[in-house]
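# Commentary on secondary and tertiary structure
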Amino acid sequence: MAVAQTDIETLATADKPRGYWSGVGRRFLKDKVAVAAGCVAGGLILMAIFAPWVAPQDPFDGTMIRRLSPIGTEGYPLGADELGRDMLSRLIYGARLSLFMGVTPVLIAFVIGSAIGIAAGYAGGWVNSITMRVLDVFYAFPSVLLAIAISGALGAGILNGLLSLTVVFIPPIARVAESVTTAVRKLEYIEAARASGASAFTIVRAHVLGNVLGPIFVYATSLISVSMILAAGLSFLGLGVSPPNPEWGLMLNTLRNAIYVQPWLAALPGVMIFLTSISFNMLSDGLRSAMDIKQ
Amino acid sequence: MSDAILSAHNLVKHFNAGGWGAARKVVRAVDDVSFDVAPGETLGVVGESGCGKSTTARLLTHLLPSDRGEVRFRGRVAGTEVPLKEFRRHVQMVFQDSYASLNPRMTMLDAVAFGPTVHGVDQPEARRRAGALLERVGLDPARFGPRYPHEISGGQRQRVNIARALAFDPDVIVLDEAVSALDKSVEAQVLNLLTELRRERGLTYIFISHDLNVVRHISDRVMVMYLGEVVEIGPTADLYTAPRHPYTEALLAAMPSLDPDRRTMEAPLQGDPPNPIDPPPGCRFHTRCARAFGPCPGTAPVPALVGRRHLASCHLNTVKEAAE
Amino acid sequence: MTQPLVEVSDLTVTFQGTPPVHAVNGVSFTLAQGEVLGILGESGSGKSVTLKTLLRLLPERRTRIGGKVAVEGRDVLALEGRALADHRGGVVSMIFQDPGLALDPVYTIGRQIAETVIRHEGVSRSTAMARALEMLELVRIPSAKRRLSNYPHEMSGGMRQRAMIALALACKPKLLLADEPTTALDATVQIQILLLLRELQREMGMGVIFVTHDIGVAVEVSDKLAVMYAGSFVETGSVAEIIRDARHPYSQGLLAANLVGAEPGALLKAIPGAPPALHAPPVGCAFAPRCELAGPRCGADPLPLWQARGDRWARCVAAAEAAVPSHAEP
Ligand SMILES: Nc1ncnc2c1ncn2[C@@H]1O[C@H](COP(=O)(O)OP(=O)(O)OP(=O)(O)O)[C@@H](O)[C@H]1O
Ligand SMILES: Nc1ncnc2c1ncn2[C@@H]1O[C@H](COP(=O)(O)OP(=O)(O)OP(=O)(O)O)[C@@H](O)[C@H]1O
Ligand code: SF4
Ligand code: SF4
Ligand SMILES: [Mg+2]
Ligand SMILES: [Mg+2]
């Protein structure tokens, strides 16, 4: 209390007003780990977008002579897979589908889940209770099982995989959205806004959204890595993406027999999944602490 | 009284405190509270923590639906005869926590301008008015307008909250512990601002506080609450010099004396205030009252007129045998 | 003259960091055995830090402490190990604003008091328990025997504060430090605790330093008062002298803000502005930006002192000049 007070006094005498988001940016840039993670994640995204220019070879073009060439083979810096296709190119192209499968379901679930959670949280009372109990039913299943069950029922295919992952992520995001909104709704500035005579819709738009979307978004970014791993798992099981499309999870699956011959080669898609998920996780951690106003 | 600007009629609010069926417990936060406020008057509300002051404030401003009873604005029932949206333009509120009552992601200018835009004022006009109001409460709009709540001090935030309430050009402002969290020197500044604004605009205040000194300074009349009920209400000078309820007496006697030669020698009450869950039957104060007698544990006293605009709910004022 | 119980001279406390905080800037005072000193000041003025220094409770690595602090003639700043442990709780003990934070939620009240007694006096558990009961009775907790086995959360606010006082007094300290112990309590409970403290202080003959921002509370318990602003004492004197004849403009403003002698409904003589941030040590008078009497002389370092007696003084140019009419030149 006393500490905060003095800080406030300093700020009050500093003449240049500083906005909330510029403060977030400043704190984020100070966090070396988060910035590094952001660079890695950004690099991966760029790599996916510019895959045709970055990849040295055609990812579908294989020769049996090159089968399972080790890392460091001339012309094939990361070796070749079980069909003799260039590993580096496949990993680069794989970023497209893998990131797509990681980000898209989370994005869609973020929109739907936030809407449900914010509405339930702001309404409160029995509306809230019923919505949350229904979501809890979904939430009770382990997410892997739920994803497998749904995409199993829908059948293989990218779209079905996407759909099942989206369904898996809506309940946790809605729950977070609900709890953040409930906390905000109890604050006095919401009461003050109600005392102004504003409608519920106006209050949500002007006072609730800005204060809850940030934390929900941070939580959602942390799900991207989960989504990637689940998508990889689906592909691994033969659901989701199907061969010969390059996707890290699928590559891990098809290379699993090579694990005794070329263990390092077989591990490469796993390394990519790990790298991506950890960089997204650290990025969201960094965002979380940068958005903490009390820092 | 039809000339009252704002009046409460038998307001009741009970909260669930857990349990179901027969074991259900309720907090009787506000239990049958009635009073009225005349235009231009300041009504102070005092009482110990948990006695229902904030709940009363929220019922008065319709931020909380009451279980029973009604609030009237200029004699018309709020929510039905006066539509809520209009009622809210007339009756505004300022909260204790200056930080929590401001949107952390809204600049001070926008916070003050928000209310009028809700009521149809266009954006540039609302911002112009907001600037003028910030100026009025002593904050340079050019310097403080673009700031966020965490960038200004507690006293300055509370000025913004007052400006925001003023933006509606209200008749009544309910101030719930609005100066309690401020440092003494800053509190005095805000009290002065409130006094000036009241003179300037003929405002009516309902001033809630646990600080009896401040309440005496600013109020015309004072209402004392105990465990969800009004125990005494009357003109400030009368109530402070000749309280007619033992609880008011005790509360006043518990005030530090500010005179080193006349220090308090004896605590007027023993023990802590009881829980508002299952309050004692009869007079709710009888468990701590030094003057409790015959009817007190069994019969609840009703408000009785003990002076001009002065009501107290105590058997001592009404029952004959108490005289001996 | 006998040795004073507490002797603090020119105490400075700086918290290192970006930016640093100069929390205490040159505080000096003495406290005799059995005397009660009230320290009065607003939030952030350094009251708690001053108290914590006497107990060496500040984070060692980030804090730079200058000056001298002696309790019973022993240099507190030099205490180490066993001697420091004896000092804390044995010679000096402290009660806090929030008993909920100071009491350990997982042990019963009786056990907490007994542990303290055992640690400091090495008595047997049963003796310690008997002392715990005695202490709870001393602070007038009803049905004390039963309360021994209560956990802190099972007690009301006022009861917890009593329990904390019992804990603090269990080893019969020579000096009790009280940091706003009644601020969180209701008015009718606050006065009970104040009276209790006053009575126990007299019975046990302790020295007490009582920190508060509430003048009324300070008047109820103190013999002497010190008014603190921006990490320095700006005025000291007996309670009556400060209340009736404050010489420092800040003390006067604080009294006005506490509605001492204010006319109902009238405007108060409020001090403008807000206390300074203590990121640099103040030069001259720290109150100058808010003082209506401020002039170029107020930047002098050190500031002239108005002094009537050893412990009756105010550090203010205007006060010093008013007392020496020959200095009253334009
Ligand atoms: N939303 C709620 N749900 C349950 N109980 C509540 C709620 N709001 C208040 N109460 C209870 O109602 C009683 C009255 O609360 P209220 O906040 O009105 O007291 P108060 O007089 O304002 O106290 P304080 O001085 O501490 O602010 C308290 O016992 C409180 O715990
Ligand atoms: N551990 C710490 N690290 C850094 N700064 C600190 C620390 N403790 C206190 N301070 C700073 O030292 C200054 C004095 O604080 P202190 O707690 O003594 O104030 P106080 O007078 O007790 O105020 P209050 O009435 O709010 O308790 C404040 O500016 C505070 O921010
Ligand atoms: S009614 Fe009886 S118990 Fe209640 S305040 Fe009056 S005398 Fe005391
Ligand atoms: S020294 Fe000067 S500025 Fe400081 S209090 Fe005295 S007159 Fe005011
Ligand atoms: Mg309240
Ligand atoms: Mg403190």
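Because the structure is predicted, anything quoted here is derived from the model rather than measured.

Cut-offs and rules
- Residues numbered from 1 in each chain as written.
- Chains lettered and ligands numbered in written order.
- Predicted model: local features only at pLDDT ≥ 70, side-chain atom pairs only at ≥ 80, totals over all residues.
- Heavy atoms only, no water.
- Helix = DSSP H or I, 4+ residues; strand = E, 2+ residues; numbered from the N terminus.
- Buried < 20%, exposed > 50% of the residue type's maximum accessible area, 1.4 Å probe, protein only.
- Areas by Shrake-Rupley, 256 points an atom, 1.4 Å probe, with all protein chains shown as cover.
- Lys, Arg positive; Asp, Glu negative; His and termini not counted.
- Charge placed at Lys NZ, Arg CZ, Asp CG, Glu CD.
- Near = heavy atom within 4 Å.
- Polar contact = N/O pair within 3.5 Å; in protein donor to acceptor, adjacent residues only side chain to side chain.
- Pairing = 2+ DSSP bridges.
- Axes fitted to C-alpha atoms, helices over the stretch in contact; angles between N-to-C directions.
- Contact = heavy atoms within 4.5 Å.
- Core = buried A, V, L, I, M, F, W, Y, C linked by side-chain atoms within 4.5 Å.

The next subject is the overall build of chain C. Scanning chain C from terminus to terminus reveals twelve helices and twelve strands. Overall, chain C is about 75 × 50 × 45 Å in size when its C-alpha atoms are taken along their principal axes. Looking at chain C residue by residue over its 330 residues, the buried ones come to 53%. Only carbon and sulfur atoms are counted for the fraction: they give 55% of the accessible area of chain C, which is about 14,000 Å². With 33 positive and 33 negative side-chain charges, chain C shows a spacing of 5 Å between the two charge centroids.

Our focus in this paragraph is the site of ligand 2. For ligand 2, the set of nearby residues contains 16 residues, the closest of which are Ser43, Gly44, Lys47, Ser48 and Val49 of chain C. Residues lining ligand 2 come from chains A and C. One nitrogen or oxygen atom from the side chain of serine 43 of chain C is found 2.8 Å from an oxygen atom belonging to ligand 2. One of the side-chain nitrogen or oxygen atoms of arginine 62 of chain C is found 3.1 Å away from a nitrogen atom of ligand 2. In isolation ligand 2 exposes 640 Å². Once the protein is present, 83% of that is buried. Listing elements by their share of the shell around ligand 2, those giving two or more residues are α1 (2–13) of chain A together with β2 (21–31) and α1 (47–55) of chain C.

With respect to the helices, strands and loops of the structure, glutamate 220 of chain C is situated in helix α9 (residues 215–221). Within the structure, the side chain of glutamate 220 of chain C is placed 3.1 Å from the backbone nitrogen of serine 257 of chain B, a separation counted as a polar contact.

Another point: the sheet that holds strand β8 (residues 207–212) of chain C. All names here are of chain C. As summarised here, the arrangement of the eight strands in space is β6-β7-β8-β3-β9-β10-β12-β11, forming an open sheet in which the pairing is mixed. Looking along the sheet, the strands with just one partner apiece sit at the ends: β6 (92–95) and β11 (306–309). Neighbouring strand axes in the sheet, compared pairwise and without regard to direction, differ in orientation by 20 degrees on average. Pairing of strand β9 (residues 224–229) with strand β10 (residues 232–238), which is carried by six bridges, proceeds in the antiparallel orientation. Its bridge partner lying in β10, methionine 228 is registered against phenylalanine 233. Sitting on the sheet, helix α8 (residues 187–204) touches β3 (36–41), β6, β7 (175–179) and β8, and the angle it makes with β8 is about 160 degrees. Packed on one face of the sheet, helix α11 (residues 249–257) meets β3, β9 and β10 and runs near 100 degrees to β9.

Residues and elements named next belong to chain B. Of all eleven residues in helix α3 (residues 108–118), nine are buried; the element is thus mostly enclosed. Inspection of α3 places Met108, Leu109, Ala111, Val112, Ala113, Phe114, Gly115, Pro116 and Val118 among the buried residues, and these make up the whole buried set. Backbone geometry just after α3 places glycine 120 at a positive phi near 90 degrees.

Let us now look at the nonpolar core. Formed by 70 residues in total, the largest nonpolar core has its most connected members in Leu165, Phe169, Val208 and Trp248 of chain A. Top contributing element to this core by residue count: helix α10 (residues 200–236) of chain A, with 14 residues. Among all residues touching phenylalanine 169 of chain A, those that are not within four sequence positions of it are Pro105, Val106, Ala109, Leu223, Val226, Ser227 and Leu230 of chain A. With 61 residues, the next largest nonpolar core counts Ile152, Met255 and Phe285 of chain B together with Ala257 of chain C among its residues.

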